[in-house]
Amino acid sequence: MESPPLGFRFAPSILVRLGEELVPNLDQAIIELIRNSYDADAKECTVEIKLDKGAGGTIVISDDGSGMTSQQILNNWLVLGGSSKESTKLTPKGRRTVGDKGLGRLAALRAGSSVEMISRHESSSEDEAHSITIEWSQYDKAKVVEEVGLPIEKSSRAEPGTTTILKGIRRILGKSETDRLGRSIVLLTSPFHGKSDFKVNLIAPDFPELEARVRNGYLDDAEYILKANLLADGTGYAEVLDFKGDVLYSASSDEWPTKKPKAPIIYSAPPATFELYSFVFNKNAFAGRGSTITEVRNWLKVIGGVHFYHRQFRVPPYGDPGHDWLDMNLSRARSPEERPSTNTSVGRVIVDDPEGVLKQKTDRFGFIESDEFFEIRRFAKDALDWLARRRLRDAEARRDLQKQQSGEEPAKARSDLLDTIAQSLPDTEKEKAIKALDRLEQNFQKELRATREDLVLYRSLATAGTTAAVFAHEIGKPIRTIAGSEKTIRRRVNKHCSSDIVSKIEPSLDLIVSGSERLTRFASMQIDFLKREKRRHGAVNINKVIQSLHNLWRPILEDAKIELVLTPYKTDDALIYGAEALVETIITNCLTNSVSAFERSGARTKDRLIKIMVSIEGNTVVIEIEDNGPGINMDINEIWLPGRTTRQEGTGFGLTIVKDSVLDLGGTYSASTVDASGAIFKFVFPLLLSNSSI
């Protein structure tokens, strides 16, 4: 008698490892069954949750898909790890399948103590359905999986499709579990705008909030929407729409960087779409809308972040709490203004992936990281960076306009009030009202002057910090030079050494003295910015200011082999009204940038030159600061924005402080490149005439 052929046999414990341990979360297990419904071309899939503390609860997943014959149940449904689906093939309805291993289904089936599956194929009649029942306790008594038979029984079903009933749910459906389940179902086929031929319904009478999350959405309350497309040729395009749907601005991927790239930007990835809905949480933004700030905040706590959709289905953990795969929160922490975060926005990256180049991990938790995945990530991050820069530029323009308007409004308000007094009050009361108005205005001006002094102080402190950071090595060199006591060394050398030795040592001691003086001078520069009299507003002689700065900077520039050429105005008539500290702030930051530019790789090492020129043009005073360094290596329009810098050690606030200081002095600012290298900054201020009142 022949013995049966030998082969692998599996202990029942393998079902635990492939099921519960492979996909440990209940929400992901249920989603695996919903994926099967999608692959079966279902229009709708319904998930019903029934609580029963004694029996453990029941979950029913039912769909109206194509269903299965008995042979399909035997050869496909019961075969683990050998799914008949191929990711590059389409279903009869033209869908790309989202399940490919059959192991996820096992994880879902293991969620309960028993499973009943009923399926009717679309070509079969009502009484030609089939069912199969799995009692997991039977495997606990068996030595090998093959000992437990799973007969396919005849059954009936009114409509084609499949129903899976999970009984005796092992996990307690507490708040955290149901929250995660609700979030997963909300995000499963995305809560975003757009038609879908697949719908997921949730019936959970014991969890009304869970059902509400599936129904509710607040995308229409977003302040603006970013839409970016990664095209088939590897290029990108993005546009930003306001809450009405009007396009605010748009750009191709070659226009996204701050400086135009030498070669076209190509992303080596399948076509993708990136959408981001961002919210601004202030009362003005929500005025007249149907939702409240609290409602939207709570909603974003559930679904906020950027999620990844592969063939219409969301792939966790991208966008899950704590999984900020596009580094949105990190970027916002570095440059907080005008950047969305996972708490203020919700978005999606959609990839159809017809060639199947993106492979999900076996546990369905993320993709196997590949070059294509990282390129999609780079595309989305580049689009976010472009969005932040464009919004920041708009914000700066709005602030400049507000400053200009705020300077005009007080005079108009006073004129209107005087007209009202003249028309409304009797003559005996007019004089009293005007005197009261004058006292009010005097007090206002007093407070305004105090505020201006504080503002100048803060900007002066920022300038001092920026200067110290850029020239940190200038502090370090003298500190290392002054390693000992120069006077003590000099005295002892003169006492104990011959004149020949003294003459050899003297140059080194002189170097120590020189370094000490430079250190003292540099430190005094920081303190000089903070002098109270420099923060007071009055007539400022531009010639005297630049001459004073020339004396402070000369030793530093000489060490850097930079010649500073000063061309003051021919007389001392170049006067403006403002604070001396603001003028120093403007010139110091420009000098700092010029010196830093000379330190860039490839910059000239000889004939380095910085020019400061003062002139009067009509009723204006013009200051021009020019260097022959390597020029401005970023978009001219970007250099004035806060946080924008091309230096690793830079703060990105120097030229923002310059711009604000110029505006505070009532001036204008501009920058340009000189003959393809070098930079020139031009500042124009109102000339303070001799008959002007201060």
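All values derive from a computational prediction rather than experimental measurement.

1. A look at helix H19 (residues 654–664)
A turn of α-helix holds 3.6 residues, and therefore any two residues three or four places apart point the same way. Most of H19 is tucked away, with 9 of its 11 residues classed as buried. Looking at H19, one finds that the buried residues are Gly 654, Leu 655, Thr 656, Ile 657, Val 658, Lys 659, Asp 660, Ser 661 and Val 662. The first or second residue beyond H19 is Gly 666, which carries a positive phi of 75°.

2. Section: the sheet that holds strand S4 (residues 129–135)
Taken together, 7 strands build an open sheet; the order of strands is S5-S4-S3-S6-S2-S1-S7 and the sheet is mixed. Every other strand in the sheet has two partners, leaving strand S5 (153–155) and strand S7 (199–203) as the edge strands with one partner each. Each strand of the sheet is rotated relative to its neighbour by a mean of 20°, with strand direction disregarded. Looking at chain direction, strand S1 (residues 44–50) and S7 are connected through 5 bridges and run parallel.

3. Here we look at the nonpolar core
Grouped together as the largest cluster of nonpolar side chains are 43 residues, with contacts concentrated most on Ile 542, Ile 610, Ile 612, Phe 681 and Phe 683. Counting only elements with at least two residues in this core, the list comes to helix H17 (542–559), strand S16 (562–567), strand S17 (575–579), helix H18 (580–598), strand S18 (608–617), strand S19 (620–627), H19 and strand S21 (679–686). Of the residues forming this core, the biggest block, 8 residues, is contributed by H18. Leaving out residues up to four positions away in the same chain, Phe 681 has contacts with Cys 590, Ile 623, Glu 624, Ile 625, Ile 632, Ile 639, Trp 640, Leu 655, Ser 670 and Ala 671. Cys 45, Val 98, Tyr 139 and Ile 185 belong to the second-largest nonpolar core, a separate cluster that totals 40 residues.

4. Considerations on the packing of H18 against H19
Two elements in contact, H18 and H19, have axes whose closest approach is 9 Å; the angle formed by their N-to-C orientations is 150°. Here H18 is positioned roughly antiparallel relative to H19, judged by the angle of their axes. H19 is crossed by H18, and the crossing has left-handed handedness. Of the residues in H19, those touching H18 at Leu 582, Thr 585, Ile 586, Asn 589 and Asn 593 are Gly 654, Leu 655, Ile 657, Val 658, Ser 661, Val 662 and Asp 664. For the contact of H18 with H19, the residue count by class is 6 nonpolar, 5 polar and 1 charged.

5. A short note on the packing of aromatic side chains
Inspection of every chain in the model, using the stated rule, returns 22 aromatic pairs. The rings of Phe 308, Tyr 318, Trp 325, Phe 367, Phe 373 and Phe 374 are connected pair by pair, giving a single aromatic cluster. Geometry around Phe 281 places Arg 297 over its ring, the cationic atom sitting 4.2 Å from the centre. The ring of Tyr 249 is capped by Arg 390, whose NZ or CZ atom sits 4.1 Å from the centre of that ring.

6. Concerning a negative patch on the surface
Taken together, the side chains of Glu 44, Asp 64, Glu 126, Asp 127, Glu 128 and Glu 159 present a region of like negative charge at the surface. Following the sequence through the fold, Glu 44 ends up in strand S1. Looking at Glu 44, the relative accessible area reads 37%, which means it is partly exposed.

7. Some points on the confidence of the model for the chain
Residues at a pLDDT of 70 or more form 77% of the chain, whose mean pLDDT is 79. In this model, residues 469–473 is a region of pLDDT below 50 whose contacts with residues beyond four sequence positions or in other chains number 9 contacts.

8. Some details on the packing of H17 against H18
Working note: a packed helix pair is described by the angle between its axes plus the distance between those axes. Contact geometry of H17 with H18 gives a least axis separation of 10 Å together with a crossing angle of 35°. As for how H17 packs across H18, the hand of that crossing is right-handed. Across the interface between the two elements, Ile 542, Val 545, Ile 546, Leu 549, Trp 553 and Leu 557 of H17 pack against Glu 580, Val 583, Glu 584, Ile 587, Thr 588, Leu 591, Thr 592 and Val 595 of H18. In the contact of H17 with H18, the residues fall into 10 nonpolar, 2 polar and 2 charged.

9. As for the pattern of salt bridges
Counted by the stated rule, this structure contains 10 salt bridges. Between Arg 348 and Glu 275 there is a salt bridge; the shortest N-O distance is 3.0 Å. Residue Arg 348 is located in strand S14 (residues 345–351), and its partner Glu 275 is located in strand S11 (residues 272–278); the two are separated by 73 residues in the primary sequence. One exposure class covers both Arg 348 and Glu 275, and it is buried. Across the salt bridge formed by Lys 381 and Asp 327, the nearest N and O atoms sit 2.9 Å from each other. Note that Lys 381 is positioned in helix H11 (residues 371–424) and Asp 327 in the loop between strand S13 (313–314) and helix H10 (328–334), a separation of 54 residues in sequence.

Conventions and cut-offs
- Residues numbered from 1 in each chain as written.
- Predicted model: local features only at pLDDT ≥ 70, side-chain atom pairs only at ≥ 80, totals over all residues.
- Heavy atoms only, no water.
- Buried < 20%, exposed > 50% of the residue type's maximum accessible area, 1.4 Å probe, protein only.
- Helix = DSSP H or I, 4+ residues; strand = E, 2+ residues; numbered from the N terminus.
- Pairing = 2+ DSSP bridges.
- Axes fitted to C-alpha atoms, helices over the stretch in contact; angles between N-to-C directions.
- Core = buried A, V, L, I, M, F, W, Y, C linked by side-chain atoms within 4.5 Å.
- Contact = heavy atoms within 4.5 Å.
- Parallel < 35°, antiparallel > 145°, perpendicular 65-115°, else oblique.
- Left-handed = near helix turned anticlockwise from the far one by under 90°.
- Nonpolar A, V, L, I, M, F, W, Y, C, P; charged D, E, K, R; others polar.
- Phe/Tyr/Trp six-rings, centres within 6.5 Å; stacked < 30°, edge-to-face > 60°.
- Lys NZ or Arg CZ within 6 Å of the ring centre and 35° of its normal.
- Patch = residues over 30% accessible without salt bridge, like charges linked within 9 Å, V, L, I, M, F, W, Y side chains within 5 Å.
- Areas by Shrake-Rupley, 256 points an atom, 1.4 Å probe, with all protein chains shown as cover.
- Salt bridge = Lys/Arg side-chain N within 4 Å of Asp/Glu carboxyl O.
- Lys, Arg positive; Asp, Glu negative; His and termini not counted.
- Charge placed at Lys NZ, Arg CZ, Asp CG, Glu CD.
- pLDDT = per-residue confidence, 0-100.

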